[in-house]
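Results of the structural survey
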Amino acid sequence: MVMNYICVECKSTFPLESHKWKCDCGGLLNLEYEKKLIDFNITSSSRNHSLWKYIDALPFNEEDVWQDVTMGEGDTPLIKLAENLYAKAEYYMPTLSFKDRGVAVLIAMAKKLGIDRVVADSSGNAGSSIAAFGARAGIQCDIFVADSTSDKKIKQIEAHGAVIHKIPGTREDVANAAIAMVEETNLFYASHIYNPLFWEGTKTYVYEIYEQMDGQLPEAFIIPVGNGTLLMGAYIALQELLENGQIDKMPKILAVQATACAPIQKAFVDGSTVVDSVENKGTLAEGIAIAAPARGAEILKAVRATDGDIITITDEETSEARKELARKGVYVEITAAVNYAAYSRYIEKYPDLKNQKVVLPLCGAGIKSN
């Protein structure tokens, strides 16, 4: 299988063995390889209940090393929260968050490339996932986190044997510290932001919903946006399904950010094609508090391509939504409740949406939050 990173700016290509995390011109990298058509009649009846049943659309072969790395990630249930509203319970993953989708693919590829040490930065969940899958793959992990990260997430990362680097300051300060180590050592940057292999895992979120809805998709997806790793994966899957004739129209992507840190929503409202950095004023939704999203321009393009929208949610709305979900028997981490709060706001903005099917993710388990 021929596979390369390709620069979104100058279109230069690099082999995966190059350890590149961005182009020499400064452009970000996407992934280029030949994908096969998924036969959903086969995958829907497969005894493999992990995301790896979609191997034909992933950058691996059936006999590849992924079998030594997987922990059964994927195949999370759809929960009906209200008439026409469904939640995909991503907290059923091995490390209790949706990040396992992307990390499983990213770490499996690192193992295939013979890499024995990786560097990553995270607000918590990605770090926990990389530490867990890295431990399973026999790969040493250096995880950079903010010193304000949830104690429970820190303990989860430590339990898997990763080296933790606590960095004072913003999420951007954390990323810069990790990048400095990568540039000094030329270690593999297992970034869920910069490395497009991560999206190859998160796109399976949409594949599963397509199966679970009997070969159909909802009219809209509500997706939280910080660095946009779930959104970009979902958009890739939607493009694939449309190009393959498996759907005949693109569902809307209705994105959501925290009011106290919403650079992408600001750019969207302003009609801009680029995202400028903003001040992170502090929010309970730490998982999406990204003041300078590296993939901002691509996120804007994806939302607009689906005739979608972006709104913001306050901490008060998020807290109340978390309580409401708990009263429905669903206990999620604080950031995950943003999506449920957004549904109410989107219904107010687009009343017809109440009569259409909508799916939102429950990104992480409640026990991850302090």
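Overview of the structure. Values in this document were obtained by computation on a predicted structure and should not be read as measured data.

**Section: the overall build of the protein**
Helix and strand counts for the protein come out as 13 helices and 13 strands. For the protein, the C-alpha radius of gyration of 19 Å lies close to 21 Å, the compact-globule estimate for 370 residues. In terms of overall dimensions, the protein has a C-alpha envelope of 50 × 50 × 40 Å along the principal axes. For the protein, the proportion of its 370 residues judged to be buried stands at 59%. Counting only contacts in the protein whose residues sit at least 6 apart along the sequence, the fraction spanning at least 24 positions is 69%. Accessible surface, the protein as shown: approximately 14800 Å² in total, 46% of it carbon and sulfur. Counting 37 positive and 49 negative side-chain charges, the protein places the averaged centre of each group 3 Å from the other.

**Let's talk about the packing of aromatic side chains**
Each aromatic ring pair is characterised by the separation of its centres together with the angle its planes make. As enumerated under the stated definition, the model contains eleven aromatic pairs in all. Aromatic side chains Trp-52 and Phe-60 sit 5.3 Å apart centroid to centroid with 80 degrees between the ring planes, which places their arrangement in the edge-to-face category. Of the two residues examined, Trp-52 and Phe-60, each falls in the buried class. The rings of Phe-40, Tyr-54, Tyr-207 and Tyr-210 are connected pair by pair, giving a single aromatic cluster.

**Observations regarding the nonpolar core**
Trp-52, Val-118, Val-206, Leu-217, Phe-221, Ile-222 and Leu-231 are the most contacted members of the largest nonpolar core, which has 114 residues in total. Counting residues per element, this core draws most heavily on helix H9 (residues 229–243), at nine residues. In this structure Ile-222 touches Leu-254, Val-256, Asn-339, Ala-342, Tyr-343, Tyr-346, Val-358, Val-359, Leu-360 and Pro-361, once residues within four positions along its chain are discounted. Counting residues in hydrophobic clusters, the runner-up holds 15 residues, among them Trp-21, Leu-28, Ile-167 and Ile-179.

**Here's the deal with the packing of helix H10 (residues 263–270) against helix H11 (residues 296–305)**
The interhelical angle for the contact between H10 and H11, taken along N-to-C directions, is 55 degrees, at an axis separation of 10 Å. On the basis of their axis angle, the class for H10 and H11 is oblique. Along this stretch, H10 crosses H11, giving a crossing that reads as right-handed. In this structure, H10 contributes Ile-264, Ala-267 and Phe-268 to the contact, and H11 contributes Ile-299, Leu-300, Val-303 and Arg-304. Residues of the contact of H10 with H11, tallied by class, amount to six nonpolar, no polar and one charged.

**Describing the pairing of strand E3 (residues 29–33)**
With burial as the criterion, only one face of E3 is covered, namely that bearing Leu-29, Leu-31 and Tyr-33; the residues Asn-30 and Glu-32 on the opposite face remain uncovered. Taken together, the five bridges between strand E1 (residues 3–7) and E3 define a ladder with antiparallel strand orientation. By the bridge assignment, Asn-4 is partnered in E3 with Glu-32.

**Here's the deal with H11**
Among all positions of H11, only Gly-296, Glu-298, Ile-299, Leu-300, Ala-302 and Val-303 are buried. Those residues of H11 that are buried are in contact with E3, helix H7 (197–202), H9, strand E11 (252–258), H10 and strand E12 (309–313). Taken from the residues just after H11, Asp-307 is the one with a positive phi, measuring 60 degrees.

**Quick notes on a negative patch on the surface**
Together, Asp-39, Asp-56, Glu-62 and Glu-63 make up a negatively charged patch on the protein surface. Considering the arrangement of structural elements, one finds Glu-62 in the loop between helix H1 (40–43) and helix H2 (66–69). With relative accessibility at 48%, the residue Glu-62 sits in the partly exposed group.

What counts, and at which threshold
- Residues numbered from 1 in each chain as written.
- Predicted model: local features only at pLDDT ≥ 70, side-chain atom pairs only at ≥ 80, totals over all residues.
- Heavy atoms only, no water.
- Helix = DSSP H or I, 4+ residues; strand = E, 2+ residues; numbered from the N terminus.
- Rg over C-alpha atoms; globule rule 2.2 N^0.38 Å.
- Buried < 20%, exposed > 50% of the residue type's maximum accessible area, 1.4 Å probe, protein only.
- Contact = heavy atoms within 4.5 Å.
- Areas by Shrake-Rupley, 256 points an atom, 1.4 Å probe, with all protein chains shown as cover.
- Lys, Arg positive; Asp, Glu negative; His and termini not counted.
- Charge placed at Lys NZ, Arg CZ, Asp CG, Glu CD.
- Phe/Tyr/Trp six-rings, centres within 6.5 Å; stacked < 30°, edge-to-face > 60°.
- Core = buried A, V, L, I, M, F, W, Y, C linked by side-chain atoms within 4.5 Å.
- Axes fitted to C-alpha atoms, helices over the stretch in contact; angles between N-to-C directions.
- Parallel < 35°, antiparallel > 145°, perpendicular 65-115°, else oblique.
- Left-handed = near helix turned anticlockwise from the far one by under 90°.
- Nonpolar A, V, L, I, M, F, W, Y, C, P; charged D, E, K, R; others polar.
- Pairing = 2+ DSSP bridges.
- Patch = residues over 30% accessible without salt bridge, like charges linked within 9 Å, V, L, I, M, F, W, Y side chains within 5 Å.
- Salt bridge = Lys/Arg side-chain N within 4 Å of Asp/Glu carboxyl O.

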